[in-house]
Amino acid sequence: MTGTVFDTLREHEFFADLSDEDIGILSACATPAAFAAGQVIFREGGPADACYLILRGDVALEVTTPGRGAHVVQTLHGGDILGWSWLFPPRRWMFDAQALTDTAAIRLDARCLRAAIDADHEFGYQLLQRFSQVMTARLQAARLQLMDVYGAP
Amino acid sequence: MALPDPLIAPLVPAWWPVRSVRRELADTVTLEIEPPPGGLVFEPGQFTMLSAFGIGEIPISISGDPGAPHALVQTIRSVGPVSSALTALRPGDRIGVRGPFGNGWPLEDARGADVLVVAGGIGLAPLRPVLYTILTDRDAYGRVSLLYGARSPSGLLYLDEIRGWMAGLDIDVLLTVDRGEPGWHGSVGVVTDLIRRASFEPAGTTAFVCGPEIMMRFTKQALESAGVDEERIAVSMERNMACGVGLCGHCQFGPFFVCKDGPVFRCSDMVELCWLKEV
């Protein structure tokens, strides 16, 4: 990864229009992270102690069902946000996340983020607005997938 | 007695031999039909009415190369009695053909700028002639991306050809499926997710979209959110086309006859119609 974490966050589309001050708050919670292809990033049921801004690479969100093995429900790619279970109780991951290819990310520490949100509600509003958009888009996508639009008419 | 020419007698099918049959998917085949000498000239996006003798007739988009008019190539998915009969044809059998009908994709608008070809399921078939046309004159266009979504990896059409495009530099190909399968290491998610990953300059980009109607509606929204002008988003509609020449009214869609005024429409021409549940 080149440049500072601040610069990376500043340039990222997800945080576009955030003030430099807010980017500074985020930066204080952020560390670079890297995952090799095949590496598990987190497991279902584990404590949701972070979220990740994927910079490069591909990540599969999976759920494992007895007798059927792992089932990929969605893949995420460079520019995507991975993880929002840190936002709300019980703060446990709902899926497994596994790197499909070598993946570079920024890890945002959840405890740090929640403390920043509690301390600065305007920052929290800005952040939650962005996460809400991601959640809405994923919900719509999941509904489309459920509709099975390519199935027999 | 001479066989009827579909261009002269558009309501009378001509009976042409099937030259070859290629199984694409479990329920989908591509027929290569042999037109008379001189071939069948068509524009990308046009369709024919294909009939199975004694069973019926259905509209099918032409999926072949417009630069090769001596073969009429049609990809058909078996979903009903007529399409089941057509997909059961063998080389040497005869098939009824009327057409080509309708308008084509606005390829002239796309020249000189980036192009997004967004397909869902069998919606890639009417778009394949677009890709052939672009590849024939590749320098006339900017960046070209094929964004293709299907139900599952085993539902991806023309996979051998897609692999060839992926191996080349002319088209950026992004694939996704709604449901992964063992051995699939590609994207899982809806086709609209691919728009953000494609490289294009929204201003001036032309998008050609074909797939299930609901997929096209969501794709239109996502393209507009990405900054693509709705005048430059073209979709291919399907509405019970029967006569093919705007006489019978079966395919009326608001003020349009899909068979004659379409099947390709600019989204800007049908803003209200896009959101109607029934016309």
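Residues numbered from 1 in each chain as written. Chains lettered and ligands numbered in written order. Predicted model: local features only at pLDDT ≥ 70, side-chain atom pairs only at ≥ 80, totals over all residues. Heavy atoms only, no water.

**A short note on the overall build of chain A**
Across its full length, chain A holds four helices and eight strands. The secondary structure elements of chain A, listed N-terminal to C-terminal, are α-α-β-β-β-β-β-β-β-β-α-α. Scaling as 2.2 N^0.38, a compact globule of 153 residues should have a C-alpha radius of gyration of about 15 Å, and chain A matches this with 16 Å. Buried residues in chain A amount to 46% of all 153 residues. (Helix = DSSP H or I, 4+ residues; strand = E, 2+ residues; numbered from the N terminus. Rg over C-alpha atoms; globule rule 2.2 N^0.38 Å. Buried < 20%, exposed > 50% of the residue type's maximum accessible area, 1.4 Å probe, protein only.)

**A closer look at the pairing of strand β4 (residues 56–61) of chain B**
All names here are of chain B. The pairing of strand β3 (residues 47–52) with β4 spans six bridges and is antiparallel. Opposite Phe-47, over in β4, you have Ser-61 as the bridge partner. Counted along the chain from β3 to the antiparallel partner β4, the turn is three residues long, and its residue Gly-54 has a positive phi close to 80°. (Pairing = 2+ DSSP bridges.)

**Quick look at the interface of chain B and chain A**
Taken together, the contact between chain B and chain A spans 24 residues of the former and 20 residues of the latter. Surface buried jointly by chain B and chain A totals about 1,900 Å² across both partners, of which 57% is contributed by carbon and sulfur atoms. Across the pair Asp-80 of chain A and Arg-196 of chain B runs a salt bridge, and its minimum N-O distance is 2.1 Å. Counting across the interface, chain B meets chain A through seven residue pairs in polar contact (both at pLDDT 80 or more). Contributions of two or more residues to the side of chain B that touches chain A are made by β8 (144–150), β10 (187–188) and α5 (213–225) of chain B. (Contact = heavy atoms within 4.5 Å. Buried area = accessible area lost by both parts, 1.4 Å probe. Salt bridge = Lys/Arg side-chain N within 4 Å of Asp/Glu carboxyl O. Polar contact = N/O pair within 3.5 Å; in protein donor to acceptor, adjacent residues only side chain to side chain.)

**Describing the sheet that holds strand β9 (residues 172–177) of chain B**
Note: strands within a sheet are paired through backbone hydrogen bonds, in either parallel or antiparallel orientation. Residue and element names in this part refer to chain B. Judged by pairing direction, the sheet is mixed, and its seven strands sit side by side in the order β10-β9-β8-β7-β11-β12-β15 without closing on themselves. If you trace the sheet from one side to the other, it starts and ends with β10 and β15 (264–266), each paired once. Its contacts with the sheet place helix α4 (residues 159–167) against β8 and β9, and it is angled at close to 135° to β9. (Axes fitted to C-alpha atoms, helices over the stretch in contact; angles between N-to-C directions.)

**A closer look at the confidence of the model for chain B**
Residues and elements named next belong to chain B. Mean pLDDT over chain B works out to 92, with 94% of the residues at or above the 70 mark. Within chain B, strand β2 (residues 28–33) carries the highest mean pLDDT (98), whereas strand β13 (residues 252–253) carries the lowest (88). Here the predicted complex scores 0.90 on pTM and 0.86 on ipTM. (pLDDT = per-residue confidence, 0-100.)

**Quick word on the sheet that holds strand β6 (residues 81–82) of chain A**
The strand order across the open sheet built from four strands is β1-β8-β3-β6 (chain A), with neighbouring strands paired in antiparallel fashion. Edge positions in the sheet fall to β1 (30–35) and β6 of chain A, since each of these pairs with one other strand and no more.

**A word on a nonpolar patch on the surface**
On the surface, Leu-11, Val-12 and Leu-247 of chain B cluster together into a nonpolar patch covering about 290 Å² of accessible area. Tracing the chain through its elements places Val-12 of chain B in the segment before β1 (14–25). (Patch = residues over 30% accessible without salt bridge, like charges linked within 9 Å, V, L, I, M, F, W, Y side chains within 5 Å. Areas by Shrake-Rupley, 256 points an atom, 1.4 Å probe, with all protein chains shown as cover.)

**So, the pattern of salt bridges**
Opposite charge on two side chains permits them to pair, given that their charged atoms come into close proximity. Residues and elements named next belong to chain B. Evaluation of the coordinates by the stated rule reveals 20 salt bridges over all chains. When the shortest N-O distance is used, the salt bridge between Arg-22 and Asp-160 registers 3.7 Å. Of this pair, Arg-22 sits in strand β1 while Asp-160 sits in helix α4; the two residues are 138 residues apart in sequence, bridging distant segments of the chain. Overall, Arg-22 belongs to the partly exposed group, its relative accessible area being 43%.

**Let's talk about helix α3 (residues 110–119) of chain A**
All names here are of chain A. Burial in α3 covers these residues: Ala-110, Leu-113, Ala-116 and Ile-117. For α3, the angular spread of the buried residues around the axis is 125°, confining them to a single face. What points out from α3, more than 90 degrees from its buried face, is the exposed set Arg-111, Asp-118 and Ala-119. The elements touched by buried residues of α3 are α2 (20–28), β3 (50–56), β8 (103–109) and α4 (121–147). (Arc of directions from axis to C-beta.)

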